[in-house]
Every structure is written in structure tokens, then in C-alpha cells.
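Fold and geometry: a report
The residues making up each chain are set out below.
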Amino acid sequence: MSGKDARRAMLDAIQAATEGVRDDDPAAAHAALTRPYRQVGERDAAARLDLFEERLVDYGVDVSRLHASDVASAIDEELARRRASKVVVPLGFPEAYGVGVGARERLADDASPRELDAADATVSTCAVAIAETGTIALDAGAGQGRRAASLVPDVHLCIVHASQVVAVVPEATARLEPAVKAGAPITWISGPSATSDIELVRVAGVHGPRTLLVLLVTDA
Amino acid sequence: MPRASLFVPCYIDTLFPEAAIAMTRVLERVGVDLDFPRSQTCCGQMHVNTGYADDVDHLVRNFLNVFEHAEHVVAPSASCVATVRHMYPDMAKRSGDPALIEAVDAFTPRVKEFSEYLVDDLGITDVGASFPHSVAYHPACHATRLLGVGDRPLQLLRNVAGIRLKDMPRANECCGFGGTFAVKNAEISAAMLADKVADVIHAGAEVVVASDNSCLMHIAGGLQRQRTAVRTLHLAEVLASQEGVPA
Amino acid sequence: MSDARIPLPFHEAAPRALDDGQLRRNLANVTSSIREKRAAMTSEMPDWEALRDAGKAIKEHTLANLGHYLEQLEASVTAAGGTVHWARDADEANRIVRDLVRETGTRDVVKVKSMTTDEIHLNEALAEDGVTAIETDLAELIVQLAHEPSSHILVPAIHKNRSEIRALFLEAFDLDPSELSDDPAALAGAARRFLRERFLTAKVAVSGANFAVADTGTLCVVESEGNGRMCTTLPDTLITVMGIEKVVPTWRDLEVFLQLLPRSSTAERMNPYTSFWTGVREGDGPQTFHLVLLDAGRSATLRDEAGRDTLRCIRCSACLNVCPIYERVGGHAYGSVYPGPIGAILTPQLRGAKQDGELPYASTLCGACYEVCPVKIDIPSILVEMRRRTVHKERAESRLPATSLIDAALRGAAVAFATPRRYEAAQRLARIGQAPWVRKGVLKNLPGPLAGWSDARDLRAIPKQAFRDWWRERDEKQEMDA
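If you're wondering where the values come from, they're calculated on a predicted model, not measured in any experiment. (Residues numbered from 1 in each chain as written. Chains lettered and ligands numbered in written order. Predicted model: local features only at pLDDT ≥ 70, side-chain atom pairs only at ≥ 80, totals over all residues. Heavy atoms only, no water.)

Details of the overall build of chain B
To keep it simple, the criterion reads: In this description a helix means any DSSP run of H or I spanning at least four residues, a strand means any run of E spanning at least two, and both kinds are numbered starting from the N terminus. We compute the radius of gyration from the C-alpha atoms alone; for a globule the expected value is 2.2 Å times N to the 0.38, where N is the number of residues. Here the term buried applies to any residue with accessible area under 20% of the maximum for its type, exposed to any over 50%, and partly exposed to those in between, with areas from a 1.4 Å probe on protein chains only. Any pair of residues with heavy atoms lying within 4.5 Å of one another is described as a contacting pair. Per-residue and other accessible areas were derived by the Shrake-Rupley procedure at a 1.4 Å probe size, with only the shown protein chains allowed to occlude residues. Here Asp and Glu are counted as negative and Lys and Arg as positive; His is not counted, and neither are the chain ends. Charge coordinates come from a single atom per side chain, which is NZ of Lys, CZ of Arg, CG of Asp or CD of Glu.
Helix and strand content of chain B: 13 helices and 8 strands. A globule of 247 residues ought to have a C-alpha radius of gyration of about 18 Å, and chain B, at 18 Å, matches this closely. Across the 247 residues of chain B, 63% fall into the buried class. Within chain B, contacts between residues at least 6 apart in sequence are counted, and of these 79% link residues at least 24 apart. Counting every atom, chain B has about 8,500 Å² of accessible surface; 51% of that belongs to carbon and sulfur. Separation between the mean location of the 21 positive side-chain charges and that of the 29 negative ones in chain B comes to 5 Å.

And the structure:
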């Protein structure tokens, strides 16, 4: 079988090429690498939220700060404003927030791509958010839905709890590690999609949701 | 009294002796005891950078022999100093000669570019020069990026009496010389030079100053071809200039 | 350029590109604006240098232990439900992908921008089976419709303006001219509608990978437009072709590269979308996943320090954007999917075609590339090393370089500089020999390869007295005075 030959030949070539430079115990050598960059941010919680909001606004994201008790009405308002009548509500999306979807037609997140394409919006929670980069991370956990759900409809309304906002990237990767190790797909979203491919003119919204809304819950 | 040996790169020796003469005058003025080992020839930069490093091992050995006993070696060219400091160790390593590797490692830190020597080793930023003209400083690539001389040349220039320093747009961009690049890829080199000349003219200075004659030779070539009145001078020539003794 | 497989050598392609005014203006715009933004995005990071050092160290470690990490990656991808394939060269990789696509029975494949699949000419290989690979990145779609190779790692259609793009779209999407303006937003909208249908119906997607995590089997694609998410999520089958140098040991290592890459690349704090997937996830995303590990010159490149340093590259294109040569000639001139400074060192090592030997000379060694490289590849030093190899190769094959006069001159100079006596003789000879070309103290219309110089520049004639003569005269005078 030529596949096995290729594998053996490549590994042999690599072994020969790395003769004299490779480590006897790669895991130990890797663990010994120094990481002199910031592992945690220095900002306090309030400054962190401010920065996160600033970054989102910079990306053209609509952000509102609110209390948990106001989320349902805010969802209703936003969906109404965008005339969304068909809404994807992922499994495990908090009941108290889901009330805001009201009598609108609901779609589960396991709908087919074609069905999702006919939906107007998706509501979701997130796993963690990064202030410095204005990033929201989804890890397919409860309320976040399958990947296609937050991708195909044109509006993505994401609930972020203040306690989920970390300052810098390494804090987020640390929080996501258990999900990664469990094989969960991870998606990082930093503003709506964008392209500058035509004469370097920035166009917001190409293939993902062209509208990204963030409800930042300050008391959760 | 500080002592230093002059390393005058072959093209400066041959084509731009006035830069090395100016450097000699400045260093002697600030009290350095100089010598010029006559057996020096060329550091081999042109060969190394063009892919002929293996043809000039003997130049490395010659260089080491010539300057073996020097306390400091000072040169009016960041480019050639960079060759000695950055390329010689690689060449020594490739030769596989442990004695050469050791000699190069021990020797190369003593080789200094003119402004490095003045500012770092002598602690001097004012050499008592006078130059009542407007000047645009071109930070030569090898001085800034390879040697990291930073703003040392500017520190020296700022203390020159009567000088008026002008900002130059995109000053950090290469002039397009690149040694044999100017011959091998002459069209691109000329396009880069045209932009540099436009930026020099835009700066509106009487004189362009750099710490390397190679860039200056290139920029001057473009300026003269366009019949502009802007002159080019080596940093040492400006620093050598005094009232009654102009550059 | 009609056929990307037989590109013109750099010295022929570059002057043509220089003469293309539109291209030069576009390039100057994009490179200068990205340069400034990149500088702002990196300087606001208090630990940027520490991140660069860490990025370099992690890559160095991984490449030194590449065999170990590839085997680990294979095991973890397999455990997560994926299938790993090994391809020694482009043909083998293409054969694997063609067979996998044929098994699905589909004729249409959606593709995420991938330099690796460009490198192996996968689209052309699929076309031989009657399979159409649709590029879904906007710029890649544009160059695909125009039947051109991309000209920039990051902005592949940098050489196309909006009216040219409109014309391409009108024809390809079968639109009436009244339906489409040349507004970039309208053009992007047209591409969205056209591609949406393709995403919803595609059975197979092909992607590259920015990173692959050995210990978890997680693949990572970094992008802006959402086409990457579409391709890695909607189709039933996902085939990822990845150069073996893209592996990193652990998930944690990505915390370094996901900070370095967007700021260096698009000059953003973070790119809009990053997708990570681990094998197959039941009910979510493609239910069949294949990972093709491509060698194609990489294991050979790994053999020495220059090669290992080069393979650290994370394809950000920062070095292109700061390169004054690239700024003026663009990507096509390099005749390779990898242009600019990194291309000038990577192409000769990976491909090693006869004409690639001149790529390392496409640089003034100004060092701007090294200054911005997020993984600190000392590109200028490697360029010099590649030049040395070019000279060796050409000598070994008794093939004189195109500029053989330069070769002769340098060989001569190496002999002349050997002793001070010969050096001084050569100096005197040059002073005498220049006479035919001196006009009013200036050298004009120089012969041979030097003509390239005197075409655009003056050169002062060699003065009568060298520095060493001045020094001796002064010494003698001082002795006499004493």
C-alpha cells in the first residue's frame, strides 16, 4: 500500500533531517519553553468590560449593557427591530431569556442548512469573551448551538455575561481547554465578517451573519 | 588616551577618501590616538552578499590578522561593520575551524561603526562641529536594522552648531542600492531610487547625510542625474566641519 | 501570465510588473496602509517582543521534533474520528484528494483559500476528473474567474480594480448589467448570493490549515469572510491539506500564534472568524474528515538551520507588505505561490526549480522583513545563504549565471583583495582603466552589467588619491617635521 510507504518515507526523512537537533523527551522540552508574555490582563472588571465594549463597537457590533432581568425584553426589542419572524433557539438556551423570542416561529439548532438559511436570526450564549481583542468564543455548549446555527442566519444575537469576559487571549484559551480536549468545535467571532478584497475598501458582512448583536449582562 | 585602528572599507578608500579623512579629523579632534594598518584590503561584503562567501575565507583571516591587536576598530561604514559582526561568525562556523570560530567570536565585538564608537565607547555626542546648513538624515538600512545604531547619528547631528535638521518622508525606506542588486535588478533599483530622490527633494534640505557612502553614492547618482542642487555628505564630513573649516 | 506552472524568471517578470502603473499604485496603497496599521497594532501590545520570542521558540522546538508531533497529530485526529493521509509530493497529495472526491460522487467542491493547495495545483488536478473546485474567498474567486494566479498572500486580487471585478462577476454570475454596480459592497453582495447556494449544496469542501494541534488533533483556520466557517461546517465531507510544518504541540501554544498572526497579517487585533475542529463531531459539521499531510520538499528543507528557520513561517505576509521590492513588482513576478521576501527563501528550498536560484537576489538586504517577522525569521541572512547555494549550484552544473560578468568580476576581486600589494595595484588599475568612461569627472555609459547602473545614475570618477595614499603622505610629512 503506497500510503504506508509515503508515511514511512516521510517520517524517515524527517528523522534523518532532525538528527542532532531533536529532544530525547519532547514533552519535557516543550514544558520547559518560557512564556514571558502576559498570561492575565491587568485591568479590573469594570475596565475590562469597557474595553470589550469599545472593541466591539470598533468592529461595528451593536452592544447593549443590561441586567439579566431585562434580557428577554431586549431580545424581543431587537428581533422586532430587525423584523425577525423565524428565530433559531439552540438547545439549552436559558428559558428566562428565551421568553423574549415570544410567539415567533422557533427553529432548533439541528435544522438543516437549507432551513437555517430561511431563518432570520439566531440567539445564543457564549463560552468566553476576550476584552483586548473584542472576541466572542463559542464551544458548542448549552445555549450556543451547533456551528451552522450561528453561521447561516443573517443576524446573530449573542448573550455575554460579564463574568465570561477575560482580559487577554491566554485567559480565554485556558478556559476553553477542557472543551477542546473533549473534542468540541470552537468558533471565535470578532465582529461581523468582513472583506477588503476589492480595492481595499472594507465591506462588512460577507458570508457570516451580517449583523452581530451583543447583549452584555452586567449582573451575571 | 583612547586608541583605535581605522578600518577604511575598500570602496571608501578608493572612491570616497574624503569620508575617511573626515572621520580621522573628528576622532583626532576628540583625542583618539589612531593608526591605519596598511595591510587591510576588503572585508568581503560584496562577495558574501552576492553568494561568493566561500571564495573569501581568506579575507576573513586577513582581516583578523590585520586588526588582531587593535583595542577598537572603527569604520565609517555600518554595512561593512555589519558584515564583520554578523557574517564573519557564520563564515567561521562554516569553515569548521575551531580556532577561527573562537578568534572571530572574541574579535568582532571590538569592531565599531563611527557613531557607535563616538557615542558608546567615548561617550561623546558633541564633537564641536559647526555646519550652518539644512540637512536631511537618511537612516541607512544596515545602520538601523542590522547594527541597530538607533538615533546615535542624530544625537551627534543635533549638537552641530547652526545645523537645521529637516524631516524626510519615508526616511526608513531603502534607497534601492543593495550592492550588486543595483546591477542585477537595475530597473527595480532605479524605481526605488526615483522615489527616494523625490522624498529627498520633498524634505527641502541642502544636504542629505548618511553613515554609509554606499547609499549616498546611489542617492547622489540619482540627484545628479536629475541636476538637483542637493548635495550628499557622509556623517563624518558634517561632524568634521568647523567654523572656518567647512565640509 | 497564462500558465502558473511555467512562470517567467524574476529578472524578466519584474520589469514588466514595474511598467504596470495600475498594479504599482494598488500595491503602494495597500502596502503603505497595512504597514502603518500593523505598526499601530503591534506597538499597542506591551508584550509583543515576548510573543515573538515565544512564537519563535515554539516553532523551533516543534520543527526539531517534527516526527514526534506528526505521529502524535495522526493519533489524535484518528482517535477523534478523522482519517490521516501522508503525501510525499504534490502528485501524491492530489491523487489522494482526487480519490476521496471521486468516492463521494460529487462534481463540485467548495474551497477555502489555501496556499498549500495552490502550491500543489490541486484545482487543476481535480479538473482532470471533471470536478470543479470553487474558490470561496472573495479575492481568490476573483482571480479564479480571471484565470490568474493570486498576487498577494493576503490580498490576492490586489491587482484588480472594481470595474474589472464587476465585468468578471456579470459574466460568471450571469447577471444583467443593470443588476450590479461597481460599489465594493454590491460586488461583495453578489458574491454572497452566488456562493450561498454553493455552500448549501456542496457535499465536499477542501481547506488548508493555519495550525494543527498535535496533542488534541484540533485543526484551525483563520479567516475574515465566513467562507472558512461555511466550508468547515456545512458540507458532509471535509478534506484538509496541510504542510507538515503547520503542526504545534498543544492547544495552549495557539494563545501565542493567535495573537501574532492577525496583528501581523491583516493588522487587526483579531480576525473576524477563527474555526477550530477536532476530527468529527456527531451531528455538528462534516461527518467525514480527512487530513492530508504534505511534505513536498519540507522534510528536505528541515535538514539545515536555514531551512528550519524558514519553515517557522506562519504565512502572515507582513514581510511582503514592508518589502520595497514587493511593493514595486507585486507577487506574480516571483513566479511562485509564495512571493516577497519569504517566498524568495522558501521557493528555492521547497521547489528548487532552475530559475528559483535568482529569487534570493530579489532583495537589497534592507532588513525590513526581519524587523516585522512575528516568528523572527532572519530573512536577510537566509537570503545571503540562499545566494551562496545558488552560486554553488550554478558552478556545480557549470552553468554560468545570467550575469556572468559579475561572476568573473567577483572571482577576480577575490584574488585581487588577497594581499595589500595586489589590492593597491588593482586600485591604480581601476583609476587608469576608468578613463574611457569619464566625462567631466563623472562616469557615464558604463559597459556590460554596469550599464544598468549608469542608465539611471551618475557615478563620480575615482579620485586621484585614495585614503591610504593620503595617510602615507601625512605620515611621511609628520616624520619629516619631526
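Anyway, onward from the coordinates.
Quick word on the interface of chain C and chain B
Interfaces are often sized by the amount of accessible area the parts lose when they come together. In plain terms, the rule: Buried area: the accessible area, evaluated with a 1.4 Å probe, that two parts lose upon being put together, summed over both parts. Only one rule defines a salt bridge in this text: a Lys or Arg side-chain nitrogen within 4 Å of an Asp or Glu carboxyl oxygen. For this analysis, a polar contact is any N or O atom pair within 3.5 Å, provided that within protein one partner can donate a hydrogen and the other can accept it, and provided that sequence-adjacent residues contribute only side-chain to side-chain pairs. Side-chain classes follow a simple rule in which Ala, Val, Leu, Ile, Met, Phe, Trp, Tyr, Cys and Pro form the nonpolar group, Asp, Glu, Lys and Arg form the charged group, and the remainder, Gly included, forms the polar group.
At the interface, 67 residues of chain C touch 68 residues of chain B. In total, about 5,800 Å² of surface goes out of reach between chain C and chain B, with carbon and sulfur atoms giving 59% of it. Of the charged contacts, one joins E371 of chain C and R145 of chain B as a salt bridge, the two residues approaching to 3.1 Å between their closest N and O atoms. The tally of links between chain C and chain B comes to 37 residue pairs in polar contact (both at pLDDT 80 or more). No other element matches the 8 residues that helix α19 (residues 379–396) of chain C contributes to the side of chain C that touches chain B. Here the side of chain C that touches chain B is composed, by residue class, of 34 nonpolar, 11 polar and 22 charged.

Re the packing of helix α17 (residues 340–350) of chain C against α19 of chain C
Residue and element names in this part refer to chain C. Using the following cut-off: As a rule, the C-alpha atoms of each element are fitted with a line to give its axis, helices using only the stretch in contact, and angles between N-to-C directions run from 0 to 180 degrees. When the near helix sits turned anticlockwise from the far one by under a right angle, the crossing is termed left-handed; a clockwise turn instead gives a right-handed crossing.
Across the interface, α17 lies against α19 with an axial gap of 10 Å and an inter-helix angle of 40°. When you trace α17 past α19, the crossing you get is left-handed. Of the residues in α19, those touching α17 at P341, I342, A344, I345 and Q349 are I379, I382, L383, M386 and R389. Here the residues of the contact of α17 with α19 sort into 8 nonpolar, 1 polar and 1 charged.

Section: the domain arrangement of chain B
Residues and elements named next belong to chain B. Note the threshold: Domain ranges listed in this record stem from an automatic or a database domain assignment.
According to the domain assignment, chain B contains domain 1 (3–121) and domain 2 (134–240). Between domain 1 and domain 2, the C-alpha centre-to-centre distance is 22 Å. Counting each side, the surface lost to burial between domain 1 and domain 2 is near 2,000 Å², with a carbon and sulfur contribution of 66%. A salt bridge links R152 to D120; the nearest nitrogen and oxygen atoms lie 2.9 Å apart. Counting across the interface, domain 1 meets domain 2 through 12 residue pairs in polar contact (both at pLDDT 80 or more). Breaking the side of domain 1 that touches domain 2 down by element, the ones donating at least two residues are α1 (10–15), α2 (17–29), α3 (45–50), α5 (78–95) and α7 (114–121).

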